[in-house]
Structures are given as C-alpha cells and as structure tokens.
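# Per-entry structural report
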Amino acid sequence: MSSETSYYEILEVEQDASEEVLKKSYRKLALKYHPDRNKEHDAEERFKLINEAYGVLSDPEKRALYDRYGKEGISQGAGFSSSQGGFGSIFEDIFGDLFGGSFGGSARKEKEHFLFESDLLVELDVSFKDAVFGAKKTIRNKYKSYCKACSGTGAKDGKLKTCPTCQGRGVIFARNGFLQFQQTCHTCQGSGKVPSAKCPKCHGEGFEVLEEDLEISIKAGVDTGNQLVYRGKGNCVKEGLRGDLYLQVRVAKDEHFIRHGSDLYLQIPVFFTTIVLGGSIKIPSLHGELELKVPQGAQNGHQVVFRGEGVPDVHSGAKGRLIAELKVEYPKSLTEEQKELVLKLQASFGEASKPYKSSFKKAFKKFSDWVKR
C-alpha cells in the first residue's frame, strides 16, 4: 500500500460507504495496525495512511472535495475543520483500547467491556466456477454468544468479587522510560471484577459457541481477498448486541485457466507443424468453444486476445479478456521415416533452410579482420 492508494481502498470500504461504516472500518484497521500492537515492518506507515484517509473522509466537506478533485483538491484547502470532532473522540477510544485507560492525563469515558469482539472474520473457500458465475450457498456459521446463565460474567449465579490484581480499578500502571500510563488489567480484562466461582454451564468462559445455517450469495466476479459482509451475523456480546460477519474470500485455482483480475489466461499447446502451416483450432472458454486462428510462423508465446470472454467485474459486471498464449511443441523423437521426410523438406528449401549462414556472414568477416590486426 502506498500514499497513492485511494482513501477508500485504504479504509477497505466502497465509495458510497456511510459515516457509520467508515468509522467502524477505521476503528478496526487502526487497532490492527497500531505500531504498539502490530510489529510488522509496514504497520506504522499503514497506520499513518489509515489516519490520513479517515481524517479526510470523516469530514463531509473534505470528502466532497476528495471525491471531485482527488488529493490535489484536499491539499489546496485548509487543515482539518472543526466539524471533525468525531475523529478525535474515536482516536481516544482506540488509544484507550490499546493502553487501557487515560494517557498523558487526559480523561475518557468508561467503556463497556466484553469478553470477545462482536465482529467475526471467517475465511470462505470458493470454487473457481462459483467465483466466475456466482452462486447461492448455505454455510454453517459458528459464532460466540454470551452465556445467559451468568450474563457473560463466567461466574456462578453471576456472583463476582473484586479483582485481586488491580483492586477493582480495572487498570494497572506501567512505565515506559519517563512516561507512565495505564494498561488494562490482564486478570479481569478491565472489568475490575472476577468470578467468585465458575459458571457450571460455560465453565467460566462467559460464552458458548452456537451454530446456524446461513444463506449467502456469492456475486459473479469475486476474487481472493474480497469480503462478503453480513450485518448482525457475527458474535453476540450481550442481549440485542450482535456484530457483523465478514467472509474473507479465497478462490480455488483452476487446472486450465489462470486468472488475473477480470482477465483469464489459457496456454494453448500447438504442434510445430501447425505453426509452419498455420491453421484453426478449437479452444475452451467459460461459455463453450472458441475458434483460434494460428498465424503461419507464429512465435512461441504469441498471444491471441478474445475480448469479453473473461470474468465479470464484481462491481460493474463488465467482462474481461480471455488471452490465449501459444506454446509450440516439438516431437521428442522421430522414426526413420519421419527423419527422411524432414530431411527432404529441409532440402527443398535450399539455402533458405540455413538462415544462420547469411546472418553471420558479415560477423565472420568482421571477426577475421580483428584477428589480423
């Protein structure tokens, strides 16, 4: 990801995404790539780009300028406007999630603590056929739901006691050089309470794993890395509060077609005699057969393009190309009769069958002159 990537791509949302969708995606990505949580080499750079993108798209005026003129339109304007107050508050929320409390003395409101994330990310394996043509499937969705017997506390009869580690504060203090900040208590996960005894139903986990059948629609043209989102089908963290299910698509490979975006590549084995003589052959496509005309004398790797015979774009539906690439094949061995026929054919061409002679005639003379000096 670079600074030239679209702000919408950086935040992994569509261009018509609502303010709520923007905020939710920003919060998820900012938590994922914060340098204090993610140690990948490019995490810090991605975190900066994520903040830059949200800073623009969360401001209606700046978003309108960006949609019309791109980043140049933003660079010609002033800094972030005062209407962007939500950006600061959501950043404080993220900082609080990372460090478990206030930082640098600034106050923040108490947040509700849950045992697990409400959103659920699951990999979805999709066949090559279903990715190309689309399909409707029924999958088994497994999700977490808070234990109703203990109200998600993990405690028998919901009875809790003060956490012995943080003494009920929910946070512990840590020091990094001259800075002191608060961290979420690892014992009680910030709630300040721990079970007096484990709940017999969930064994102290505070949740149970449930299953449901879910009808999903795979749109024609989906590709590896795309996400299908089903609102309200994620984890249930409390009564009436259930997150979203994100299905991360992984498309299976095909033994014949190689896909690149909306384009398909197909390697066509062609015997050398067809190259010499030229000809027409039948090749497979997504919708049946196509006629491929092999030019006489075509080179190995020669490509023939069939427009509109590729994969439909998942957004516009416009179909890509089918690119047929010739692979010239030669016989691995010859019978005596075949050798004689080839020799006769070669002899019939005379000097034309030895193009290297005329090609290197000047070279031999040049090298000879060099040696004489």
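Residues numbered from 1 in each chain as written. Predicted model: local features only at pLDDT ≥ 70, side-chain atom pairs only at ≥ 80, totals over all residues. Heavy atoms only, no water.

## Some points on the packing of helix 3 (residues 43-57) against helix 4 (residues 60-69)
- Relative orientation of the contacting elements helix 3 and helix 4 amounts to 105°, with a least axis distance of 6 Å. Comparing their axes, helix 4 and helix 3 come out roughly perpendicular. Contacts between helix 3 and helix 4 pair G55, V56 and L57 from the former with K62, R63 and Y66 from the latter.
- Considered class by class, the residues forming the contact of helix 3 with helix 4 number three nonpolar, one polar and two charged. (Axes fitted to C-alpha atoms, helices over the stretch in contact; angles between N-to-C directions. Helix = DSSP H or I, 4+ residues; strand = E, 2+ residues; numbered from the N terminus. Parallel < 35°, antiparallel > 145°, perpendicular 65-115°, else oblique. Contact = heavy atoms within 4.5 Å. Nonpolar A, V, L, I, M, F, W, Y, C, P; charged D, E, K, R; others polar.)

## Thoughts on the pairing of strand 11 (residues 245-251)
- Across the seven residues that make up strand 11, a large majority, five, are buried.
- Where strand 1 (residues 120-126) lies against strand 11, seven bridges are found, and the strand directions are parallel. Looking across to strand 11, one finds that V126 is bridged to V251.
- Both strand 8 (residues 227-230) and strand 11 contribute to a ladder of four bridges, which runs antiparallel. Residue pairing for strand 11: V229 is matched across the bridge by Y246. (Buried < 20%, exposed > 50% of the residue type's maximum accessible area, 1.4 Å probe, protein only. Pairing = 2+ DSSP bridges.)

## Observations regarding the sheet that holds strand 12 (residues 257-260)
- The four strands are arranged 12-13-17-16 in an open sheet whose pairing can be described as mixed. For this open sheet the edge positions go to strand 12 and strand 16 (303-312), each flanked by a neighbour on one side alone. Strand after strand, the sheet turns through a mean of 30° between neighbouring axes, direction not considered.

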